[in-house]
Amino acid sequence: MIATHTFNPSVDITYQIDPLIVGEVHRVKQKIENPGGKGINVTKVLHQLGAAHCAFGYVGGANGQWIDETLKEMGITRAFTFIKGQTRQSLALNDGESQTEVLEQGPTISEHEQQAYFETVTKHAKDAKVMTISGSSPQFETHSKFDHMARILSAFAHTYNIVDTHAGELKALLEAELPIHCIKPNQSEFEMLVNRENLTIDACARLLQTHPYFKNCDVFLTLGGDGALVKWKSDIYRATLPHKDIVNPVGSGDSTVAGIAYGVDQDLEPEALIRQALACGTSNALQEKTGFIDVNQVAEIKTEIEVERYAW
């Protein structure tokens, strides 16, 4: 079973509009609403892949109730912790050329709610094989974001833990040598982690093998349309993608995380796992909705992805 964490879910609202002009009135051509937050996106893809899963997260107010009910209708297994605060909304303005996002911060989680969350997770995820922690965190009463995440990770050292969060938060977690088994930075996040700029592929590969952060951690370094550079155990792989006309790239990283989690859960060999993960991310980018894939499309894309051991 794969357990997913979304500490700060949101109702994602996308407005399709004509080209954005600051200060002008814009009429919405289409409105799309989705249960959102990076971990929710991971869960939706896992559900479409047919993986055994359970979604954990803090939800509250009318927004939180809507997320819970919508995911229930989709057939997604949930064990949410209900809070007094209101789940946030995230607004995206898409004018066909670019997307402008406005993100609310999220509620403050009381100490009692934090304890309830921990008890729920330890009860329902005790048999999990893989765990994902994705996205931002809200504010926590009496505890830091680091403390909250460290408590969860420390209690689940026996699972394969994939963490996909802001580079600053991730750096602190890696320095504390918490049980993190895989990370999925993009190139800018990777450069923030290692405190370097304008890295070449060769330089990234060397750092993946030599930097202390990655000694006991698999790294899935995504490079957008250029594919990925992957450290898996002691090996480095280079993956390249076929050209596709992108529809909506939002959520592709989350779909890639879902593909990694699915691959680990299914005991896929490294090259098959890499193809699975990237095919999920690519398929998401070809859909209008975030956190959605076409499983038939994933199967086709996997055959088009090239994966080879990296040599320099």
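Residues numbered from 1 in each chain as written. Predicted model: local features only at pLDDT ≥ 70, side-chain atom pairs only at ≥ 80, totals over all residues. Heavy atoms only, no water.

Colleague: Even after reading the chapter, I still don't get the pairing of strand E14 (residues 228-232), so can you show me in this structure?
Modeller: When a strand is regular, its side chains alternate between the sheet's two faces. For E14, the tally of buried residues reaches five of five residues, placing the bulk of the element in the interior. Judged by which residues are buried, E14 turns out to be covered on both faces: Ala-228, Val-230 and Trp-232 on one side and Leu-229 and Lys-231 on the other are all buried. Between the end of strand E13 (residues 218-222) and the start of E14, which pair antiparallel, lie five residues, with Gly-224 showing a positive phi angle near 65°. Here E14 runs beside strand E15 (residues 235-240); their pairing, made up of five bridges, is antiparallel. Within E15, the position partnered with Val-230 by the bridge is Tyr-237. Taking the residues between adjacent antiparallel strands as the criterion, E14 and E15 are bridged by two residues, where Lys-233 takes a positive phi near 60°. (Buried < 20%, exposed > 50% of the residue type's maximum accessible area, 1.4 Å probe, protein only. Helix = DSSP H or I, 4+ residues; strand = E, 2+ residues; numbered from the N terminus. Pairing = 2+ DSSP bridges.)

Colleague: How do you make sense of the packing of helix H5 (residues 167-175) against helix H6 (residues 187-194) when you look at a structure like this?
Modeller: If you want to describe how two helices pack, look at the angle between their axes and the distance between the axes. At a closest axis distance of 9 Å, the pairing of H5 and H6 adopts a crossing angle of 45°. Comparing the axis directions of H5 and H6 gives the class oblique. In the packing of H5 onto H6, the handedness of the crossing is right-handed. Between H5 and H6, the contacting residues are Ala-167, Leu-170, Lys-171 and Leu-174 on the first element and Glu-189, Met-192 and Leu-193 on the second. (Axes fitted to C-alpha atoms, helices over the stretch in contact; angles between N-to-C directions. Parallel < 35°, antiparallel > 145°, perpendicular 65-115°, else oblique. Left-handed = near helix turned anticlockwise from the far one by under 90°. Contact = heavy atoms within 4.5 Å.)

Colleague: Before we go on, may I ask you to explain helix H3 (residues 111-124) in this structure?
Modeller: Structurally, the α-helix is built with 3.6 residues per turn, so residues lying three or four positions apart point the same way. For H3, built from 14 residues, the straight-helix expectation of 20 Å at 1.5 Å per residue is met to within 8% by its first-to-last C-alpha distance of 20 Å. Those residues of H3 not exposed but buried are Glu-113, Gln-114, Tyr-117, Phe-118 and Val-121. Taken down its axis, H3 places every buried residue within 140° of arc, on the same side. Among the exposed residues of H3, those oriented more than 90 degrees off its buried face are His-112 and Lys-123. Residues of H3 that are buried in the fold lie against strand E1 (2-6), strand E4 (53-60), strand E5 (81-83), strand E8 (108-109), strand E10 (139-140) and helix H4 (145-155). (Expected span 1.5 Å × (residues − 1). Arc of directions from axis to C-beta.)

Colleague: Where do I start with the sheet that holds E5 in this structure?
Modeller: Within a sheet, adjacent strands bond to each other through the backbone by hydrogen bonds, running parallel or antiparallel. The ten strands are arranged E5-E4-E1-E9-E11-E12-E13-E14-E15-E16 in an open sheet whose pairing can be described as mixed. Every other strand in the sheet has two partners, leaving E5 and strand E16 (306-309) as the edge strands with one partner each. Bridging between E15 and E16 involves four bridges; their strand directions are antiparallel. Among the inter-strand pairings, Thr-240 is bridged to a residue of E16, identified as Glu-306. On top of the sheet, helix H2 (residues 61-74) reaches E4 and E5; it is set at about 165° to E4, its chief contact.

Colleague: How should I be thinking about the packing of aromatic side chains in this particular structure?
Modeller: What describes a pair of aromatic rings is the distance from one ring centre to the other and the angle between the planes of the rings. Per the stated rule, a full pass over the model turns up six aromatic pairs. Ring geometry for Phe-7 against Tyr-117: centres 5.8 Å apart, planes inclined by 65°, an arrangement best described as edge-to-face. Taken together, the residues Phe-7 in the loop between E1 and strand E2 (10-16) and Tyr-117 in helix H3 connect sequence positions 110 residues apart. Summarising the burial analysis for this pair, Phe-7 and Tyr-117 share the class buried. Taken together, Phe-7, Tyr-58, Tyr-117 and Phe-140 form an aromatic cluster joined through their ring pairs. A cation over a ring is seen here: Arg-151 above Phe-118, with NZ or CZ 3.8 Å from the ring centre. When the ring centre of Phe-292 is taken as reference, the NZ or CZ atom of Lys-289 above it lies at 5.3 Å. (Phe/Tyr/Trp six-rings, centres within 6.5 Å; stacked < 30°, edge-to-face > 60°. Lys NZ or Arg CZ within 6 Å of the ring centre and 35° of its normal.)

Colleague: I keep staring at the pattern of salt bridges and nothing clicks. Help me out?
Modeller: Oppositely charged side chains may form a pair once their charged atoms are brought near each other. For the structure shown, the criterion picks out eight salt bridges. Of the charged contacts in the structure, one is a salt bridge between Asp-254 and Lys-38, with a shortest N-O distance of 2.6 Å. Linking Asp-254 in helix H8 (residues 252-265) with Lys-38 in helix H1 (residues 38-49), this pair joins segments that are 216 residues apart in sequence. The partly exposed category is assigned to Lys-38, whose relative accessible area is 32%. Note that Glu-304 is salt-bridged to Lys-244, the shortest N-O span being 3.0 Å. With Glu-304 in the loop between helix H10 (295-302) and E16 and Lys-244 in the loop between E15 and H8, the pair connects residues that are 60 residues apart, well separated along the chain. What makes Glu-304 partly exposed here is its relative accessible area of 30%. Because the salt bridges share partners, they merge into one network encompassing Lys-38, Asp-164 and Asp-254. (Salt bridge = Lys/Arg side-chain N within 4 Å of Asp/Glu carboxyl O.)

Colleague: I tried to follow the nonpolar core on my own but got confused; where do I start?
Modeller: Considering soluble globular proteins, one finds that nonpolar side chains tend to be buried as a cluster. If you look at the biggest cluster of nonpolar residues, it comprises 47 residues, and the most contacted ones within it are Leu-153, Ile-180, Ile-183, Phe-190, Phe-214 and Leu-229. Counting residues per element, the ones that place at least two in this core are E4, H3, strand E9 (130-134), H4, H5, H6, helix H7 (201-210) and E13. The element contributing the most residues to this core is H7, with five residues. In contact with Leu-229, other than residues within four places in its own chain, are Ile-201, Cys-204, Ala-205, Leu-208, Val-219, Phe-220, Leu-221, Leu-223, Ile-236, Tyr-237, Arg-238 and Tyr-310. Membership of the second largest hydrophobic core comes to 34 residues, among which are Val-230, Trp-232, Tyr-237 and Ile-274. (Core = buried A, V, L, I, M, F, W, Y, C linked by side-chain atoms within 4.5 Å.)

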